[in-house]
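Analysis of the macromolecular model
Spelled out from the first residue to the last, the chains are:
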Amino acid sequence: MSVVDGHTADRTRKRPVDRTTLHRVWHALLAVIVLAIATLCYFFPVLLAVLGGLALLLGCARLIYRGRDRYIPNLYARDTRVYEDEYRGFIRQTMESLRRCKTRDHVLLREAAQLPPPSREDPEELLLDLGVWIGWSTRLAADASGRQVYGFDTFEGLVEDWQVDDQLVIKRGTFSLTEPLAQRFIADTGVTLQDGLPPALGRKVEFIKGMTYDTLAPFLAERPDAPITLFHMDLDTYESCLHALETCKDRFVEGSVLVFDEYLVTNGEMRAFYEFQRKYGLQWRYRAWGLEIWEMNVEMVTSRWKRFAYYLILITGYWSLGDGRYVWAFFDKRFWRFWLGAPLGDIAFMLGAAGQRKSVSLEITGLGALGADGR
Ligand SMILES: C[S@@+](CC[C@H](N)C(=O)[O-])C[C@H]1O[C@@H](n2cnc3c(N)ncnc32)[C@H](O)[C@@H]1O
């Protein structure tokens, strides 16, 4: 385990956290598209009749469609009926709760900004960012909270293959800082690696290099009794997530906020948390459902014109090749699951962002077997 870049400039003041320009650009483009269609309808009323007919057909098909709520945004992938009843019930209740706490922001930055000042009794409250890539999630969480944040990563990529529901497998080693994508963002966001590790860039952050399987327990042992205030999980895989939850379990307290970047992958972080809370009889409440954090790397591109080019590339890529393509790719079953099965609120929520809304936060409200009596 090696620790780098700690204790640089002492930035304890909170800084603005809104990093959603990408989506505002998308909203502007969407408005232009809607305006263009409205204009066409004005000049060619037959188009209005066609669109009206399609909307009517869609409404009728939605009434008879039997797959409602079996598929989860934004993936509309694995049919949740493959899971045992109890887990399916958990997923159903989760989606019901999340629909009441949608947010347009990045969940991590929102939660970091809302943290209260550190309490006098626990000056060593911990803010952990697990899975940091080139370091921006850690730095921005430090900016938003005005507190010290610890970032953990191998900086050599995933340590196990990541099976994303029944979709693709993202191979071990992906997200290594030697990859061309990482190199490009390192250059474009003004990060200069030091001995292969990202710098703090004046933020109050420490990066801890190594697999969390090796680094997390010794890190906590060096800070006995320090409670975890913010736990950001972006290690992606089920195995790493469950291991981190188990390793940190004695440091969770009532009020600890846990943010899962890829929560809506039902065989990954959600499954890990489900098993964890079940094992210890935890009580918690969902707080927010919104944007995952990776995309804010684009907001950190230093050149304004380059940043704008990135916005356009990301928006186009998302709707043409990314998960956004299910909005139009009628030959794919996920198109039908989206338009026929998703609640109208989800449809609006998904169309309103040119990116993934899979990030979820929750707050521990009761420790169950992890409490003073159970430990
Ligand atoms: C999706 S990226 C994190 C993105 C980052 N939070 C951001 O917003 O830019 C996932 C990261 O987790 C790291 N990772 C995955 N499993 C790990 C483990 N068990 N220990 C340490 N790092 C791990 C990978 O190296 C990768 O950088």
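A quick note: this is a predicted structure, and the numbers were derived from the prediction, not measured.

Looking only at helices and strands, the chain features 13 helices and eleven strands. Over its C-alpha atoms the chain spans a radius of gyration of 22 Å, differing by no more than 12% from the 21 Å that the globule rule assigns to 375 residues. Taking the principal axes of the C-alpha coordinates as reference, the chain spans close to 70 × 50 × 35 Å. Buried residues in the chain amount to 52% of all 375 residues. Summed over all atoms, the accessible surface of the chain reaches about 17,400 Å², with 59% contributed by carbon and sulfur. When the 46 basic and 48 acidic side-chain charges of the chain are each reduced to a single mean position, those positions are 7 Å apart.

Looking now at the environment of glycine 341. Looking at the secondary structure, you find glycine 341 in helix H12 (residues 333-341). When its relative accessible area of 5% is taken as the criterion, glycine 341 is described as buried. Measuring from C-alpha to C-alpha, the distance between glycine 341 and isoleucine 72 comes to 9.7 Å, with 269 residues separating the pair along the chain. Apart from the residues lying within four places of it in its own chain, the contact partners of glycine 341 are Arg62, Tyr65, Arg68, Asp69 and Trp336.

What follows covers the site of the ligand. In the vicinity of the ligand there are 22 residues, among which Gly131, Asp153, Thr212, Asp234 and Asn297 approach most closely. Note that a nitrogen atom of the ligand is positioned 3.0 Å from one of the side-chain N or O atoms of serine 137. Within the backbone of threonine 154, one N or O atom sits 3.2 Å away from a nitrogen atom of the ligand. For the ligand, the protein covers 99% of the area, taking 600 Å² as the surface of the free molecule. Of all elements in the fold, only helix H7 (212-221) and helix H10 (296-299) reach the threshold of two or more residues within the shell around the ligand. Class assignment for the residues of the shell around the ligand results in eleven nonpolar, eight polar and three charged.

Attention now moves to unusual backbone geometry. With an omega of -15°, the peptide bond running from proline 73 to asparagine 74 counts as cis. Looking at the secondary structure, you find asparagine 74 in the loop between helix H2 (45-64) and helix H3 (85-98). Positive phi, close to 60°, is recorded for phenylalanine 155, a residue that is not glycine. As for its position among the elements, phenylalanine 155 is in the loop between strand E4 (149-153) and strand E5 (162-163). Assessed through its relative accessible area of 4%, phenylalanine 155 is described here as buried.

Our focus in this paragraph is the packing of aromatic side chains. Tallied over the full model, the rule gives 32 aromatic pairs. Between tyrosine 42 and phenylalanine 43, the ring centres sit 5.2 Å apart and the planes meet at 85°, which makes this aromatic pair edge-to-face. We note that tyrosine 42, like phenylalanine 43, is exposed. Centre to centre, the rings of tryptophan 328 and phenylalanine 331 are 6.3 Å apart; their planes meet at 75°, and the pair counts as edge-to-face. Of the residues examined, phenylalanine 331 reaches a relative accessible area of 62% and is grouped as exposed. Lysine 102 extends its terminal NZ or CZ atom over the ring of phenylalanine 349, reaching a point 5.3 Å from the ring centre. Above the face of the tyrosine 87 ring, arginine 271 is positioned so that its terminal group lies 4.4 Å from the ring centre.

Analysis parameters
Residues numbered from 1 in each chain as written. Predicted model: local features only at pLDDT ≥ 70, side-chain atom pairs only at ≥ 80, totals over all residues. Heavy atoms only, no water. Helix = DSSP H or I, 4+ residues; strand = E, 2+ residues; numbered from the N terminus. Rg over C-alpha atoms; globule rule 2.2 N^0.38 Å. Buried < 20%, exposed > 50% of the residue type's maximum accessible area, 1.4 Å probe, protein only. Areas by Shrake-Rupley, 256 points an atom, 1.4 Å probe, with all protein chains shown as cover. Lys, Arg positive; Asp, Glu negative; His and termini not counted. Charge placed at Lys NZ, Arg CZ, Asp CG, Glu CD. Contact = heavy atoms within 4.5 Å. Near = heavy atom within 4 Å. Polar contact = N/O pair within 3.5 Å; in protein donor to acceptor, adjacent residues only side chain to side chain. Nonpolar A, V, L, I, M, F, W, Y, C, P; charged D, E, K, R; others polar. Phe/Tyr/Trp six-rings, centres within 6.5 Å; stacked < 30°, edge-to-face > 60°. Lys NZ or Arg CZ within 6 Å of the ring centre and 35° of its normal.

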